[in-house]
Structure formats: C-alpha cells, structure tokens
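Understanding the architecture of this molecule
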Amino acid sequence: MLTYDQARQAVIDQVSRTTLTRPSVKVSVWDALGYVLAEEIVTDREYPPFDRSTRDGYAVRASDAHSGATLRCVGEIKAGDTVASPLPAQSCIQIMTGAGVPAGADAVVMIEHAQRDADHVTFARDTRAGQNVVPRGSEAQSGRAVLTSGTRLGYAELAVAAQVGAAELCCDAKPRVAILSTGDEVVAVDAHPGPFQIRNSNSVSLAAQVRLAGGQPVLLGRAADNIEDLGAKIERGLKEDILVVSGGVSMGKYDLVESVLKALGAEFFFDAVAIRPGKPAVFGRCQEAFVFGLPGNPVSTMVTFELFVTPAIDILSNAQPRPLPFVQATLAAPLHEKPGLAHFLPARAEWPAPANAAAQVRALPWQGSGDIAALAQANCFLLIPADRDHVAAGEPVSILLRKDVT
Ligand code: AMP
Ligand code: MG
C-alpha cells in the first residue's frame, strides 16, 4: 500500500505525463483570480515612469540641504502634477508622496526633518543624494516581462497586470472536474430525506474544493448503487478532464465503482493508501479522463481530495503542483492512535499573539469520518505519522492547513 506522499507523487507523475494543449480563454483582470496565465505580461513603460518621491517633504539638491542650511521654498508639487521646470539653485520645493521629483533635485527631505518659516525651510540634518526618491525605471524597464506564462493569478499578480494596463488576460481554461456522488441512501440537498437517507453533502463540498483548487466543477448529481446507473453516469463524467466519484470504493457488496470503471477500460495507479480516514481512495485513468474514487464518508472525501485531487487540477491548469500547506505546531494535548496508517485528524490550531510563536494545536473530538460537524470546527488536519502510536503534549507536529478558512 502506498503512503500518502507516494500516492500523491503517483498522481503528479501520471498527470504530468499527459501532453495537453489546453484551450485558452480571455479573462477580465477583475475576474481572473485563481486562473493560470497563458501569456507573458510585459511592462508598457518604465516603472516608476518618473523619479518618484516616497515621502511628503521637500525636494532638494542634497549638497545644498546640509544640517543647519536654509533654502527658499519656491512652490509645491502634488502627486499627479506635471513636472516641467527644474529646481532653481539654492532652493527647495514642497513635494508630496507619489509626485515627480523635478530635474536638478536629487533627494527628498521628510517634512518631519525640516522647519518651515514662511517661504524658507531650514534642515535639521545632512541630506544624502537619492534619499526618499525611487529613480525612474528602477522597478522595471519598459518591455520587461513582469508575469510569465504558467503563473497562478493571486491578488498581487492581478495588481501587476492592472499596473501595466493588461485589462484582459489570456489564461488557461480551468480543468473541468465532473463530480458524481454514489449511494442508494443519498438524496439531493433540497430533497426531504427518508428516515434512512442522507443528503448529498459530498457533491457540495467537492464542488467547493474544486473551485478552491482552480477547477471548474461539473455536477452530475448522484448515481444509485447499480451497474446501469453508475455506468451511465460514469461514462458521462469521463468526457471531462477529471472525474471525481464519491463513495462506492470500499469492500462492500454494493461498492461497484472500481468494477464499473474497469469495464470501461480503466487503468488503476493505486486503489488504497495508508491513511485514515481515506484508505480506500482510488486513482486511475479511464479513456481520456483521470479518475478519482474517493471514499464516501465526508471527512474521507475531503481529506483525500486535498491530498490527491488538488495536484491533478494544478497540473491540468498548466501550473506547478502546489505543495501541501503543512506547518509546524505544538501539540496541546496527548494523542493515541493505532500505528500503521498516517492519521489526518480534524484539529484546531490557535496562534498565540507574537507573530513568531508556534501554533498550538488540539485534535477535535469526533465520531469518525462521517462527522462533518467536527470538520466544520477544524481549521487544519493534524498529521500523526504511520509509525507513531502516541504523541505527547508539547511535541512538535505537522498540521495541514485548511486554506479556505485560515
Ligand atoms: P461509501 O464510501 O459509499 O461506503 O459511503 C460511506 C458513507 O459515507 C455512507 O454510508 C454515507 O453515510 C456517507 N456518504 C456517502 N456518500 C455521501 C454523500 N454524497 N454525501 C454525504 N455522505 C455520504
Ligand atoms: Mg456507498
């Protein structure tokens, strides 16, 4: 049985092998959060486009504005003002943050370090050439690539695109991820469940996870536990880039997903992983699609999606697979688990006030992998490695952050 990182690596290896030419789409910079850029974005001009003051103060020649010197103030320059005339000799000019420094001036003295008396200004300390001025072109030359193809667009990347006037961005189309829940007991979210039925929460959490991972969910609803219905809906799902099936991959008599996939020509790369929850997770390729069979217990579905499906979405988005967001924390209360499987326990991390203090983490009480309510209290999964049966309070542990809520 593969460990979770071997299984994850198998996903990365198999999906990386496909040479996909994904369609690209034009996306407004306002809507492109989470897309992957499919073009290079270059600067339209130098940045900054003029010598820019970083302070409110006085533009000066540094050699004039030494400690104790008094200079005549000849006017003011606001941010956005056109700066045409050079600074006359033995004078200064009041200047605002973001304004252009006039020719002749080579420094800005902060207003706090100058004393104004009518139209004369006296300087409290020596001035260094270049201080508080960002020279024209020092951040970027004109025509320079500021974003490369394959970059995932977060808020800073979008700001860079906006800065250089790229209002429309050529992006890779998001991978389409079909979501199919299985189970005779599963009914639609808006249906009234019978006494032994449950609502299809997995399709909802999976759709959210697909969106967070940068994919486009394609909802196929629910299939009954019979070969005909499963077969028809799985075949429909195979038309997308990825098919994620929830439930039906355990050892029960009505766990038919693997056999249906096999009949449709699937090749499996793993069908069990040494983790709890989530051990029966399946990954394969069937026809043109990558297929994940995730155990139906909701916490298992969520954990296995994070571990295995997200890198596939990254790669099919034309981006590098993002690393799992593990961070170190200190265990607040001791834990015992059976060794042999790596455990991913719903847990809550708290960060004490100083920014450099380690998080304190505590596993949440839960009723097993069906306990969605426990996971809704969790902001991370606490990892207990497969070779540990006991972790003492105060020991360092790894936690996998739920990035959607932390
Ligand atoms: P399975 O993996 O098919 O054996 O399902 C395990 C358990 O997960 C089921 O007994 C249900 O309680 C639960 N489950 C399965 N599918 C869903 C779903 N779509 N939404 C919520 N819970 C589910
Ligand atoms: Mg089932």
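Everything numeric here is computed off the predicted structure, so don't read it as measured data.

**A short note on the sheet that holds strand β6 (residues 91-95)**
Taking strand neighbours across the sheet as the criterion, the six strands line up as β7-β4-β6-β5-β9-β8 in an open arrangement whose pairing is mixed. Edge positions in the sheet fall to β7 (107-110) and β8 (114-117), since each has one partner strand and no second. For this sheet the average axis-to-axis angle between neighbouring strands, irrespective of direction, equals 40°. Strand direction decides the pairing type here: strand β4 (residues 57-60) and β7, joined by four bridges, are antiparallel. Each residue of the ladder has a partner; that of A59, found in β7, is V108.

**A few points about the site of ligand 1**
Inspection of the region around ligand 1 gives 17 residues, with N200, N202, G248, G296 and N297 positioned closest. Between G296 and ligand 1, the recorded distance is 2.7 Å, taken from a backbone N or O atom to an oxygen atom. Taken by itself ligand 1 offers 490 Å² of open surface, and the protein chains cover 77% of this. Broken down by secondary-structure element, the contributors of at least two residues to the shell around ligand 1 are β13 (176-182), β15 (198-199) and α3 (201-213). Of the residues in the shell around ligand 1, the class split is four nonpolar, ten polar and three charged.

**Observations regarding unusual backbone geometry**
Cis peptide bonds are those with omega within 30 degrees of zero, and the linkage from Y47 to P48 qualifies with -10°. Within the secondary structure, P48 is located in the loop between β2 (41-42) and β3 (52-53). Look at the link from R276 to P277: it is a cis peptide, with omega at -5°. Within the secondary structure, P277 sits in the loop between β19 (275-276) and β20 (282-286).

**Points about the packing of aromatic side chains**
For the structure shown, the criterion picks out seven aromatic pairs. Judged by centre distance (6.1 Å) and plane angle (20°), the ring pair of F283 and F290 falls under stacked. An aromatic cluster is defined as three or more aromatic residues linked by ring pairs; in this entry it consists of F269, F270, F283, F290, F292 and F308. Positioned above the aromatic ring of Y35, the side-chain terminus of K174 is 4.5 Å from the ring centre. Between R285 and the ring centre of F290, over which it is positioned, the NZ or CZ distance is 4.4 Å.

**Points about the side chain of T43**
You can see T43 is positioned in the loop between β2 and β3. Under the relative-accessibility criterion, T43 is labelled buried at 4%. At 2.6 Å, the side chain of T43 and the backbone oxygen of Q141 are in polar contact. Sequence-distant contacts of T43, that is, excluding residues within four places in its chain, are made with A140, Q141, S142, G143, R144, V146 and V164.

**Here's the deal with the nonpolar core**
Counting residues in each nonpolar core, the largest one holds 42 residues, and the members touching the most others are Y4, F292, L307, F308 and F344. Listed by contribution, the elements that provide at least two residues to this core are α1 (4-17), β13, α3, β17 (242-246), β21 (289-294), α6 (298-316), β24 (342-350) and β26 (380-384). Here this core gets eleven residues from one element, more than from any other, and that element is α6. Counting 21 residues, the second-largest nonpolar core is a separate cluster that includes L243, L256, L264 and V282.

**Here we look at the pairing of β4**
Note that β4 and β6 share three bridges and pair antiparallel. Looking across to β6, one finds that A59 is bridged to I93.

**With respect to α1**
For α1, which comprises 14 residues, the first-to-last C-alpha distance of 20 Å matches the rise-based estimate of 20 Å (1.5 Å per residue) to within 8%. The complete set of buried residues in α1 reads Y4, A7, R8, A10, V11, I12, Q14 and V15.

**Topic: the packing of α1 against α6**
Across the interface, α1 lies against α6 with an axial gap of 9 Å and an inter-helix angle of 20°. The angle between α1 and α6 falls in the class roughly parallel. Considering only the axes of α1 and α6, their crossing is right-handed. Across the interface between the two elements, Y4, A7, R8, V11, I12, V15 and S16 of α1 pack against E306, L307, F308, T310, P311, A312, I315 and L316 of α6.

**A word on the sheet that holds β17**
Strand order in the open sheet formed by six strands is β16-β13-β17-β21-β20-β18, with mixed pairing between adjacent strands. Two strands close off the open sheet at either side, each with one partner strand: β16 (216-223) and β18 (267-270). Each neighbouring strand pair of the sheet contributes to a mean axis angle of 20°, computed without reference to strand direction. Where β18 lies against β20, three bridges are found, and the strand directions are antiparallel. Counted as the bridge partner of E267 is R285 from β20. Across the sheet, α6 touches β13, β17, β18 and β21, and the angle it forms with β21 is around 170°.

**Overview of the pattern of salt bridges**
For the structure shown, the criterion picks out eleven salt bridges. With a closest N to O distance of 3.6 Å, K78 and D81 form a salt bridge. A salt bridge links D314 to R322; its shortest N-O distance comes to 2.7 Å.

About the cut-offs
- Residues numbered from 1 in each chain as written.
- Chains lettered and ligands numbered in written order.
- Predicted model: local features only at pLDDT ≥ 70, side-chain atom pairs only at ≥ 80, totals over all residues.
- Heavy atoms only, no water.
- Pairing = 2+ DSSP bridges.
- Helix = DSSP H or I, 4+ residues; strand = E, 2+ residues; numbered from the N terminus.
- Axes fitted to C-alpha atoms, helices over the stretch in contact; angles between N-to-C directions.
- Near = heavy atom within 4 Å.
- Polar contact = N/O pair within 3.5 Å; in protein donor to acceptor, adjacent residues only side chain to side chain.
- Areas by Shrake-Rupley, 256 points an atom, 1.4 Å probe, with all protein chains shown as cover.
- Nonpolar A, V, L, I, M, F, W, Y, C, P; charged D, E, K, R; others polar.
- Phe/Tyr/Trp six-rings, centres within 6.5 Å; stacked < 30°, edge-to-face > 60°.
- Lys NZ or Arg CZ within 6 Å of the ring centre and 35° of its normal.
- Buried < 20%, exposed > 50% of the residue type's maximum accessible area, 1.4 Å probe, protein only.
- Contact = heavy atoms within 4.5 Å.
- Core = buried A, V, L, I, M, F, W, Y, C linked by side-chain atoms within 4.5 Å.
- Expected span 1.5 Å × (residues − 1).
- Parallel < 35°, antiparallel > 145°, perpendicular 65-115°, else oblique.
- Left-handed = near helix turned anticlockwise from the far one by under 90°.
- Salt bridge = Lys/Arg side-chain N within 4 Å of Asp/Glu carboxyl O.

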